[in-house]
Amino acid sequence: MKHLCDSIETLAMTLHDGELAGDELRDLELHLTECASCRDHVEREAVAMASLRRRLAPPPTPDLLRARITRALDDEDRAARRPLASWLLPGTAAAAAVAALAVFVVVLRAPPPTSSVEDVVAKITTRSRPLEVEGAATSQWVQRNYDPSVALPTFGAARVDRWGARLTDVLDRDALQLYYRVTTPEGMTRDVQVMIFDAHGIELRGRRAGIDGRVLLVGTYRGRSVVTYRDGRDRAYVFTSTQLAPDELTALVGTSSLLLQVRDDERFP
Amino acid sequence: MLSRRRDSRRDFEATALPHLDALYGAAYRLARNPRDAEDLVQEALLRAYRFWDTFEKDSNCRAWLLRILTNTFINEYQRRRRQREVLDAATAEQTATDGVLVHEGAQAQRSPEGVLLERAVSDDVQRALDALPADFRTAVVLCDVEGLAYKEIAEVMDCPVGTVMSRLFRGRRLLQQSLAQFAVEQGYVKAPAAAPAASPPDDAGGEPAAAPIDLGAYRSRRPRS
Ligand SMILES: [Zn+2]
């Protein structure tokens, strides 16, 4: 049993930490009945470890710590919101802009979502094909390959880069899927996708938010924020993002060229 | 509005915050004083909250949080140690001249309010922990304060189980030696004290030559039945 005597330091520690395997435990227990020196060692160690653990026991958590953590999390939530509110909105004075937005965003009513929007989101979440075009060439590519009359949305506030597109289909119609990357002043990026398709005869629902006389449909589906705009030609622009909250995405779409454009029916009375 | 963030906050509070006591217990023994312990817990929980999306919901949340906490501690510890090394040289000289106890000298480098706080609330075990290398201290705290299994400690510290065992073994020995020494200095025990679980004479510095902690070696030597 010399191999046990040789390893008694290891074995004693492992024993007291409750980490010996079953057969190792049996071997050691048997050895301890036969070997006084190892038995002494194991007993001394048991006393020493118990004493050490007793002395290491920490005091109870201070009552105020929980409240302090809650406050820190609140601050964190606020900090995460603040840059969005200020960089998404037009104008330099963020506070004034927030107030302005509050004036013209009006939630009209909140009907349950229908399946058609979910179809769009489902399509967006399946990454069937790679992007067909990226970067600055996107606009020209879309004109040539999708529909020359489509005006790609641009955004009046924040730094938004259009960085890719692909052709796809949704609800059995040809659709254009655009990818945008929004950069905050802190250098954080938020990805936004837009699905553009002919929505003639398709009912799209969401919570209705009116911005400057135009209606946006706002919702969340499958963990994504979804904001839909339908233009005067019944073309749907479904914006989605996993990184922007619904109100943040609404504010972003609110600054888009889509809503600033004169409607076709207004331009040609 | 902001329901995604609110859901995430609720989820975090329900899943992570129940481990607050465990986090505080570990932080209390890792940090130098209760105030630093609270800072450490807060910093670790904020980091955890920022990376909550990356937490795999079915995995061990306490181990995940402790990993963040110990990493935060070790990073901070290393930053402070670099600052302290400069002070250490001067203090060592001073200590020799004044005949001040070594551990008193170690305290004198801290900020006055830190010293006050520590005098008020600290105990020998905290001083002994402070003298341990960060890895040893972390292993001992995770095992003897948190009750983590070797395998969990290995996950938290991102090292093999064998390394956990040797850090634990040596960390505990060093702690016991320090505590025995403090007891002598304070007159609780007459020198030379028989340290509890007397350690091999050569294990204070390098590897404990007499009894390397190696369960693998034992298992390989152990005759198969
Ligand atoms: Zn023996």
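Residues numbered from 1 in each chain as written. Chains lettered and ligands numbered in written order. Predicted model: local features only at pLDDT ≥ 70, side-chain atom pairs only at ≥ 80, totals over all residues. Heavy atoms only, no water.

1. A short note on the overall build of chain B
If you tally the helices and strands in chain B, you get 11 helices and 0 strands. Helices and strands appear in chain B in the N-to-C order α-α-α-α-α-α-α-α-α-α-α. Sorting the 225 residues of chain B into buried and exposed places 49% on the buried side. Sequence separation of at least 24 residues holds for 68% of the intrachain contacts in chain B that already meet a minimum separation of 6. Per element, the accessible surface of chain B, about 11,300 Å² overall, is 54% carbon and sulfur. (Helix = DSSP H or I, 4+ residues; strand = E, 2+ residues; numbered from the N terminus. Buried < 20%, exposed > 50% of the residue type's maximum accessible area, 1.4 Å probe, protein only. Contact = heavy atoms within 4.5 Å. Areas by Shrake-Rupley, 256 points an atom, 1.4 Å probe, with all protein chains shown as cover.)

2. Regarding the pairing of strand β6 (residues 214-221) of chain A
Residue and element names in this part refer to chain A. Where burial is concerned, most of β6 is hidden: 6 out of the 8 residues are buried. Where strand β5 (residues 207-211) and β6 come together, 5 bridges link them in antiparallel fashion. Counted as the bridge partner of Arg 208 is Leu 217 from β6. As paired elements, β6 and strand β7 (residues 224-230) share 6 bridges and run antiparallel to each other. Note that in β7 the partner of Leu 217 across the bridge is Thr 228. (Pairing = 2+ DSSP bridges.)

3. Some details on the nonpolar core
Formed by 77 residues in total, the largest nonpolar core has its most connected members in B:Phe12, B:Val41, B:Leu45 and B:Leu69. If one sorts the elements of this core by residue count, helix α4 (residues 61-98) of chain B sits on top with 9 residues. Leaving out residues up to four positions away in the same chain, B:Val41 has contacts with A:Leu65, A:Ile69, B:Leu20, B:Leu23, B:Tyr24, B:Ala27 and B:Leu69. The next biggest cluster of nonpolar side chains, apart from the first, holds 28 residues, and it includes A:Ile211, A:Val227, A:Leu249 and A:Leu252. (Core = buried A, V, L, I, M, F, W, Y, C linked by side-chain atoms within 4.5 Å.)

4. A few points about the interface of chain B and chain A
Many structure descriptions define interface size as the accessible area lost when the parts assemble. The interface is formed by 52 residues belonging to chain B together with 48 residues belonging to chain A. When chain B packs against chain A, the two sides together hide about 4,800 Å² of surface, and 57% of this comes from carbon and sulfur. On the surface where chain B and chain A come into contact, there are 9 salt bridges. Between B:Arg173 and A:Glu45 there is a salt bridge, with its nearest N and O atoms 3.1 Å apart. For the pair chain B and chain A, the number of links is 17 residue pairs in polar contact (both at pLDDT 80 or more). (Buried area = accessible area lost by both parts, 1.4 Å probe. Salt bridge = Lys/Arg side-chain N within 4 Å of Asp/Glu carboxyl O. Polar contact = N/O pair within 3.5 Å; in protein donor to acceptor, adjacent residues only side chain to side chain.)

5. Some points on the pattern of salt bridges
Should the charged atoms of two oppositely charged side chains come close, the side chains can pair. The final tally for this structure, using the stated rule, is 23 salt bridges over all chains. Between A:Asp191 and A:Arg181 there is a salt bridge; the shortest N-O distance is 2.7 Å. On the criterion of sequence distance, the pair formed by A:Asp191 in strand β4 (residues 189-198) and A:Arg181 in strand β3 (residues 173-183) is long-range, its members being 10 residues apart. Its relative accessible area of 25% is what places A:Asp191 among the partly exposed residues. With relative accessibility at 33%, the residue A:Arg181 sits in the partly exposed group. Two residues, B:Asp124 and B:Arg127, come together in a salt bridge whose shortest N-O distance is 2.5 Å.

6. A closer look at the environment of B:Gly25
Checked against the element boundaries, B:Gly25 lands in helix α2 (residues 20-30). The exposure class of B:Gly25 is buried, given its relative accessible area of 4%. In this structure, B:Gly25 is in contact with A:Pro58, B:Val145 and B:Glu146, ignoring residues within four places of it in sequence.

7. Thoughts on the confidence of the model for chain A
Residue and element names in this part refer to chain A. Mean pLDDT for chain A: 76, with 75% of residues reaching 70 or above. In the predicted structure, residues 83-87 sits below a pLDDT of 50 and forms 14 contacts with residues beyond four places in sequence or in another chain. Every residue in residues 89-114 scores below 50 in pLDDT, and together they form 34 contacts with partners more than four places removed in sequence or on other chains. (pLDDT = per-residue confidence, 0-100.)

8. Thoughts on unusual backbone geometry
Backbone phi values are negative for most residues with the exception of glycine, while trans is the configuration of most peptide bonds. A positive phi angle is found at A:Asp234, which is not glycine, with a value near 65°. Among the structural elements, A:Asp234 can be located in the loop between β7 and β8 (235-241). A positive phi is found at B:Asp158, a non-glycine position, where the angle reads about 55°. Assessed through its relative accessible area of 59%, B:Asp158 is described here as exposed.

9. Some words on helix α9 (residues 246-254) of chain A
Across the 9 residues of α9(A), 8 count as buried, placing the element largely inside the fold. Among the residues making up α9(A), those that are buried are A:Pro246, A:Glu248, A:Leu249, A:Thr250, A:Ala251, A:Leu252, A:Val253 and A:Gly254.

10. Observations regarding empty space enclosed by the protein
Over the atoms rolls a probe the size of a water molecule, and in doing so it shows where empty space is left. Here the structure, examined in full by the defined rule, presents 2 cavities of 30 Å³ or more. Approximately 50 Å³ is the volume found for the largest cavity. As for the largest cavity, its lining consists of A:Met13, A:Glu45, A:Met49, B:Leu168, B:Phe169, B:Arg172, B:Arg173 and B:Gln176. Broken down by element, the lining of the largest cavity gets its largest block of residues, 5 residues, from helix α10 (residues 161-185) of chain B. (1 Å grid on protein atoms, 1.4 Å probe; cavity = no way out; pocket = protein on both sides within 12 Å on 5 of 7 lines; lining within 4 Å. Points joined across faces, edges and corners; volume = space filled by probe spheres on them.)

11. Description of helix α8 (residues 138-145) of chain A
All names here are of chain A. Along α8, the residues that are buried comprise Thr 138, Trp 141 and Val 142. Looking down the long axis of α8, one finds its buried residues gathered within 100° of arc, a one-sided arrangement. Seen from the open side of α8, the exposed residues pointing more than 90 degrees away from its buried face are Gln 140 and Arg 144. Each element contacted by the buried residues of α8 is listed here: β2 (159-170) and β3. (Arc of directions from axis to C-beta.)

12. Re the packing of helix α4 (residues 36-56) of chain A against helix α8 (residues 134-145) of chain B
Following both chains from N to C, one finds α4(A) and α8(B) inclined at 95°, their axes separated by 10 Å at the closest point. On the basis of their axis angle, the class for α4(A) and α8(B) is roughly perpendicular. Taking contact as the criterion, the partners of A:Leu52, A:Arg53 and A:Leu56 in α4(A) are, on α8(B), B:Val140, B:Cys143, B:Asp144 and B:Val145. Class assignment of the residues belonging to the contact of α4(A) with α8(B) gives a composition of 5 nonpolar, no polar and 2 charged. (Axes fitted to C-alpha atoms, helices over the stretch in contact; angles between N-to-C directions. Parallel < 35°, antiparallel > 145°, perpendicular 65-115°, else oblique. Nonpolar A, V, L, I, M, F, W, Y, C, P; charged D, E, K, R; others polar.)

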